[in-house]
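# A closer look at the structure
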Amino acid sequence: MAVDNNSLSTLVVKRLALGLLLLLAISVLIFAGTELLPGDVAQSILGQSATPEAVANLRAEMGLDRPALTRYFSWLFGIVQGDLGTSLSSGRDIRTMIGDRLGNTLFLASSAAIISVPLAIFLGMVAVHYRDGIVDKMISITTIATISLPEFFIGYLLILFLAVNWNLLPSSSIVYSDMSFLERLTAIAIPCITLTFVVLAHMMRMTRAAILNVMNSAYIETAELKGLSPFKIIFHHALPNAISPIITVVVLNLAYLVVGVIVVEIIFVYPGMGQLLVDHVTNRDVPVVQAVGLIFAAIYILLNMFADIMSIIANPRLRHPK
Amino acid sequence: MKNNLMHDIFSHLSWGARIGLLSILIFAFAATFAPWVSPFTQDEIVGDVWEPISAHSWLGTDQLGRDILSRLIHGARNTFFIAGAATLLSFFMGTFLGFLAAVSGGRTDQALSRSNDLLMAIPTLIFALVVLSVLPASMAVLIVVMGVLDSTRVFRLSRAVAVDIVVMDYVEAARLRGENTLWIIFREILPNALSPLFAEFGLRFAFAVLFLSTLSFLGLGIQPPDADWGSMVKENKDGIVFGIPAALIPAGAIAILTISINLVVDSILSRTSSLKGGR
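Described below are features of the structure shown in this document. (Residues numbered from 1 in each chain as written. Chains lettered and ligands numbered in written order. Predicted model: local features only at pLDDT ≥ 70, side-chain atom pairs only at ≥ 80, totals over all residues. Heavy atoms only, no water.)

## Here's the deal with the overall build of chain B
Convention followed: Runs of H or I in DSSP of at least four residues are treated as helices and runs of E of at least two as strands, each being numbered from the N terminus. Only protein chains enter the calculation, and the probe is 1.4 Å; a residue is then buried if its accessible area is under 20% of its type maximum, exposed if over 50%, and partly exposed in between. Throughout, a residue-residue contact means that at least one pair of heavy atoms, one from each residue, lies within 4.5 Å. Areas reported here follow the Shrake-Rupley algorithm with a probe of radius 1.4 Å; residue values treat only the protein chains shown as occluding.
Helix and strand counts for chain B come out as 11 helices and 0 strands. Beginning at the N terminus, the succession of helices and strands in chain B can be written as α-α-α-α-α-α-α-α-α-α-α. In terms of principal-axis extent, the alpha carbons of chain B reach across some 75 × 50 × 30 Å. Counting every position in chain B, which comprises 279 residues, the buried fraction comes to 51%. For chain B, long-range pairs separated by at least 24 residues make up 69% of all intrachain contacts whose partners lie at least 6 apart in sequence. Here chain B displays about 13000 Å² of accessible surface, and carbon together with sulfur accounts for 67% of that area.

## Points about the nonpolar core
Put simply, the test is: Each nonpolar core is a collection of buried residues, namely Ala, Val, Leu, Ile, Met, Phe, Trp, Tyr and Cys, held together in the definition by side-chain atoms within 4.5 Å.
Counting residues in hydrophobic clusters, the biggest one holds 142 residues, and the most contacted among them are Tyr156(A), Ile211(A), Phe296(A), Leu125(B), Leu129(B), Phe217(B) and Trp229(B). Beyond its immediate stretch of four places on either side in the chain, Leu125(B) contacts Val259(A), Ile262(A), Val263(A), Phe211(B), Thr214(B), Leu215(B) and Leu218(B). Listed in part, the 17 residues of the second largest apolar core include Phe91(B), Leu100(B), Ile185(B) and Leu197(B).

## Examining empty space enclosed by the protein
Once rolled over the atoms, a probe with the size of a water molecule shows which space is left empty. All names here are of chain B. We count it as follows: Using a grid of 1 Å spacing that covers the protein atoms alone, one calls a set of points a cavity when a 1.4 Å probe fits there but cannot get out, and a pocket when the set is open and has protein on both sides within 12 Å along at least five of seven lines; lining residues are those with an atom within 4 Å of a point. Grid points are joined across faces, edges and corners, and a volume is the space filled by probe spheres set on the points. By the convention adopted, Pro, Cys, Tyr, Trp, Phe, Met, Ile, Leu, Val and Ala count as nonpolar, Lys, Arg, Asp and Glu as charged, and the other residues, Gly among them, as polar.
A complete count under the given rule lists 1 cavity of 30 Å³ or more for this structure. Approximately 50 Å³ is the volume found for the largest cavity. Lining the largest cavity are Ala86, Thr87, Ser90, Thr124, Met146, Leu149, Asp150, Phe207, Ala208 and Phe211. Taken together, the elements giving at least two residues each to the lining of the largest cavity come down to helix H4 (68–104), helix H7 (139–166) and helix H9 (181–217). Taken together, the residues of the lining of the largest cavity sort by class into 6 nonpolar, 3 polar and 1 charged.

## Things to note about the pattern of salt bridges
Residue and element names in this part refer to chain B. The line we're drawing: Any Lys or Arg side-chain nitrogen found within 4 Å of a carboxyl oxygen on Asp or Glu counts as a salt bridge.
If you walk through the whole model with that rule in mind, you get 8 salt bridges over all chains. A salt bridge links Glu200 to Arg204; its shortest N-O distance comes to 3.5 Å. Here Glu200 and its partner Arg204 are both found in helix H9, 4 residues apart, which amounts to about one turn of the helix. Each member of the pair, Glu200 as well as Arg204, carries the same accessibility label: buried.

## Some points on the packing of helix H6 (residues 101–129) of chain A against helix H13 (residues 273–282) of chain A
Residue and element names in this part refer to chain A. Defined as follows: Axes here refer to lines fitted to C-alpha atoms; in helices the fit is confined to the stretch in contact. Angles between the N-to-C directions go from 0 to 180 degrees. For this classification, under 35 degrees means roughly parallel, over 145 means roughly antiparallel, 65 to 115 means roughly perpendicular, and everything else is oblique.
Close contact between H6 and H13 brings their axes to 7 Å; oriented N to C, the two are set at 120°. Considering their axes alone, H6 and H13 lie oblique with respect to each other. Residue-level contacts link Arg101, Leu102 and Thr105 of H6 to Met273, Gly274, Gln275 and Leu276 of H13. Here the contact of H6 with H13 is built from residues that sort into 3 nonpolar, 3 polar and 1 charged.

## Thoughts on the packing of aromatic side chains
Here is the rule we go by: Each aromatic pair joins two rings of Phe, Tyr and Trp (for Trp, the six-membered one) with centres within 6.5 Å, and gets the label stacked for planes under 30 degrees apart, edge-to-face for over 60, and tilted for any other angle. Both a distance and an angle decide whether a charge sits over a ring: NZ of Lys or CZ of Arg must be within 6 Å of the ring centre and within 35 degrees of the ring normal.
Under the defined criterion, the tally for this structure stands at 14 aromatic pairs over all chains. Ring geometry for Phe207(B) and Phe211(B): centres 5.8 Å apart, planes at 10°, overall stacked. Pair noted here: Phe207(B) and Phe211(B) are both in helix H9, with a separation of 4 residues, about one helical turn. Taken together through their ring pairs, the aromatic side chains of Phe31(A), Tyr72(A), Phe73(A), Trp75(A) and Phe77(A) make up a single cluster. The ring of Phe207(B) is capped by Arg204(B), whose NZ or CZ atom sits 4.9 Å from the centre of that ring.

In C-alpha cells, the structure reads:
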C-alpha cells in the first residue's frame, strides 16, 4: 500500500510542477503577445501625428528601449512580489485599481457555480433515468439551444422580462463595498441566472454522457439483474464510477465560467475584473491588460490543474496506467 | 452519383435539421443579395428613434432611426464573411499542421502538439483580448486573430483523426513508394479525413459567429460605421432598460443561426457515427 500512496503523491506533485511550468509559459506568451507584435505602445499613446523624438522620449521614460528579455524579467519579478505595475492611461497603481474587483468577480462566479453544479448533476441523472424518453429529449433540445445562445441574448432577455416588464429584480447590478450580503445577492441575481444558463447545459450534457458510459458496463447489468431499484443503481453503482469524469466536467465549466463572466459583467455593468479588462483593451492600456489577462489565465490554469488532480485521486485506474 | 449522395444525406436529416438548413439558406441568401432584398440601405434614417414594429419598418428602427431589418441583412454580410474567412483560415492551418504532426511523428509531433497545448491553456477570449489591445482594429486583424486561435481546436481534431489513418496499409505503401510528406498529407490522409472534418467545420463556423459577435458586442470587433450583428446589439442595448427590445433582434438572429448550424451538424454527426460504428 505504501507504494501506492507514494505513486499518488508523486503524480500529484508532478501535475503541480507541470501547472507551474505552464503558468510560467503563459506569462511569456501574454508578454510576447503584447510586446512583440507590430504596434508600438508609445506611438499609440501619442497618436500618429507625434514627432519621432517625442515617441523616443516616451519610450525611454517607460523603459521600452530596454531589450524585451530584460523587461519581461522585471515584469515577472514585480508580479511575483505583488507589484502589478502602473496603468498607462491613468498612471494609477494596477493593484489598487483591481482592489475589490477580483472579489466581486469571484463572488459572482462562485454564486453561479453554487447554483449550477448541483442542478446540472441532478438534471444529468434525471436524463439518464428517463433516457430516450420525452424528458431526456426535452433536456437534450434545451441543451443544444442554450449552448448556441450568446450570453448577451440570455442576459438582455432576462433583464427585459424579470427587471423591466415584471419588475421582480433590479436591472442594475452595481455593488458597493458597504452593501449588506442580501442586497448584494439581489443585485447579482440576474447576472447569476445568466451565467448559470451559460454553463448549465454543457455540464448537464457531459454528466449525462459520463453516467451513460458507465451504465453500459457489465456490473450495472448485474445490479439490474439483482433487482435493485433504478435510482439505487444510478446512485450506488454508476455515480461513484462516473465521479472522475463529472469532476472534470464541473471544473472545466467553472473555468469556462471565469471567461463567461467577462461578457456578463459588461452586460450588467458589474464592477469586476472583466469590465476592467475590456475597458483597458479599448484604451490600449497594455500593462493593465497584461496584469488582468494573466490573473484570468492563472485562475483558469489552476482550475484545470485542480480538475486533473481530483480525477487522479478519484480514479484509481489513472494511477496505474496499463 | 453526387445528386444521389446529397439526396441520401438530406433524407436522413431530422426535421429539426431540415428547418435549420432552411434558415441557414435564408440567411445566406439575404447576406449574398443584401442590396436587392433589403428594403432600405443600412445608413438611411427612415423614422424616429426606436420605433416599434410596423408595416413601414418590419422589425422597427434602431437607436438612430435606421431600419433594423435592413441593417440586419447588411450586417449578415460582415458576420458571415469574417466568421467564414476565420474558419477557413483555421482549417487550412489546423488541418495542415495536424496532419503534418501525425505524419512526421517524433520531435515534430511533440513540438507542434506541445505548443498547441500551450495556446489552448489560455481561454480564447482572454488571449484575443490581450492581443487586440495592441493590434489595430481592422477586419484583416480580426480574421487572423480568430483564425489562428481557433486553429488550435482544428489541430487537435485533425491530428487525432490522422493518427488513425497514418497506420493504414495504404499509407505504408505510399511511404515505401518513396512519396514525400506533402503527397501523403494531401493524397492519402486528407481524402480519408474529410467527413469528420466537414462536421467540425460547421461547429467551428457557429463558434466563430458567436465569438465575432461577442468581440463586436464588447466593442472590439467590427468598428462603426460598419455593422455586424454583435455591434448592433451593442448599439441598441441601452433601450432594454426602457423596455425596448431592439437589441434582442440581432441577438436573436445570432441565436437562430447558431442553433440551426448545431441542429444540422448534430443530425449529420449522428448519421455518420452510426455508419462508422460510433466513431
